[in-house]
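So the chains spell out like this:
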Amino acid sequence: MARPTGQGAYTVEMTLDQASRLAWSAHAGQVDRAGRPYSEHVFAVRDLLAPHGLHAQMAGVLHDVLEDTPITADDLRGRGCPEAVVRAVESVSRRPGESYGDMVRRAAADPLGRLVKLADNRHNSDEGRLAALPAEQAQRLRAKYARAREFLEGGPSAAPPPGAGAPGPARPAGMVATPRATLVVIYTGRTEECRAFYAALGLGFVREQHGGGAPHHAAVLAEGVVFEIYPATAERSTGAVRLGFTVDARLAMPPLEPGRHTLTDPDGRVVDVVAV
């Protein structure tokens, strides 16, 4: 699949095989704490993410290239890496001077990044890997990963991950949070068209399925609001729901002028967009 570069040319989108080869080359010669080739870890994370689709696997196999190799986010973009994958890899990569806990907080806010960090955590927590380390180090890492996993699975209401900074000043006594949405679900007979429409506004989607429920697309918005696109059924038919979003004007495709816009999605829903 080709995608525009912005200068009239087109770049062929990176494949999972190409992402895997890039990770193999980038991590060549690196080893983990137990002395094993580091590529074993990133390939294990990739394989754990197989149920979540190709973008999740690509982000999984590339999840450490920004932090542990000279490769940059722009390098990934230049090679045709999908933007949602680049954002996920950025979300799980520690920045200079950033604590592990604050990085976990950033990862939890990105739908794809959260899945990648959970898979990374799962492989790092594998008792077979921890058994190769000194007992004291293994116990410290076991506790660290358990706290991070609790936060990643529980979201903002969970205990903060280890090393996380304060989330912000406490609300004054007597002040209550104003009503805010926590979940927006739309049902449609055009799931892929709707996903593409909202993705073009900058929403990062992952494909999910809860138990025996229907596969669907999910994105986490600011303040933890979850937006999901489900296939319509006889019980839940397509509805004309009016929605509103504040979006980054630069991430919209095509870019939007700052200000208010009224758009219509593929099902005819009115979508009020404030581009900032």
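Residues numbered from 1 in each chain as written. Predicted model: local features only at pLDDT ≥ 70, side-chain atom pairs only at ≥ 80, totals over all residues. Heavy atoms only, no water.

### Here we look at helix H2 (residues 38-48)
By the criterion of burial, H2 is predominantly enclosed, with 8 of the 11 residues buried. Each element contacted by the buried residues of H2 is listed here: helix H1 (16-26), helix H3 (54-61), helix H4 (65-68), helix H8 (111-124) and helix H9 (127-130). (Buried < 20%, exposed > 50% of the residue type's maximum accessible area, 1.4 Å probe, protein only. Helix = DSSP H or I, 4+ residues; strand = E, 2+ residues; numbered from the N terminus. Contact = heavy atoms within 4.5 Å.)

### As for the pattern of salt bridges
Evaluation of the coordinates by the stated rule reveals 12 salt bridges. We note a salt bridge from Glu40 to Arg36, for which the minimum N-O separation is 2.6 Å. You can call Glu40 partly exposed: its relative accessible area is 38%. Of the charged contacts, one joins Glu192 and Arg195 as a salt bridge, the two residues approaching to 3.4 Å between their closest N and O atoms. Separated by 3 residues within a single helix, Glu192 and Arg195 lie in helix H11 (residues 191-199), roughly one turn from each other. Exposure remark for Glu192: the relative accessible area of 41% places this residue in the partly exposed category. For Arg195, a relative accessible area of 27% puts it in the partly exposed group. Linked by salt bridges that have partners in common, Asp74, Arg77, Glu83 and Glu90 make up one network. (Salt bridge = Lys/Arg side-chain N within 4 Å of Asp/Glu carboxyl O.)

### A word on helix H6 (residues 83-91)
Of all the residues in H6, the buried ones are Val85, Val86, Ala88, Val89 and Ser91. Summarising the contacts, the buried residues of H6 are in contact with H3, H4, helix H5 (73-78), helix H7 (100-108) and H8.

### Digging into the confidence of the model for the protein chain
Across the protein chain, the average pLDDT comes to 80, with 79% of residues at or above 70. When mean pLDDT is taken per element in the protein chain, H1 scores highest with 96 and strand E1 (residues 2-4) scores lowest with 51. (pLDDT = per-residue confidence, 0-100.)

### Things to note about the packing of aromatic side chains
Applying the stated criterion across every chain, the model contains 5 aromatic pairs. A centroid spacing of 6.1 Å and a plane angle of 65° characterise the contact between Trp24 and Phe43, whose relative ring orientation is edge-to-face. Of the two residues, Trp24 is situated in helix H1 and Phe43 in helix H2; the sequence distance between them amounts to 19 residues. Judged by centre distance (5.0 Å) and plane angle (65°), the ring pair of Tyr198 and Phe227 falls under edge-to-face. One end of the pair, Tyr198, is in helix H11; the other, Phe227, is in strand E6 (residues 226-231), and 29 residues separate them in sequence. Across the pair, Phe227 and Tyr198 agree in class, each one buried. Grouping aromatic residues by their ring pairs yields a cluster made of Phe197, Tyr198, Phe205 and Phe227. Taking NZ or CZ as reference, Lys144 lies 4.2 Å from the ring centre of Tyr100, over its face. (Phe/Tyr/Trp six-rings, centres within 6.5 Å; stacked < 30°, edge-to-face > 60°. Lys NZ or Arg CZ within 6 Å of the ring centre and 35° of its normal.)

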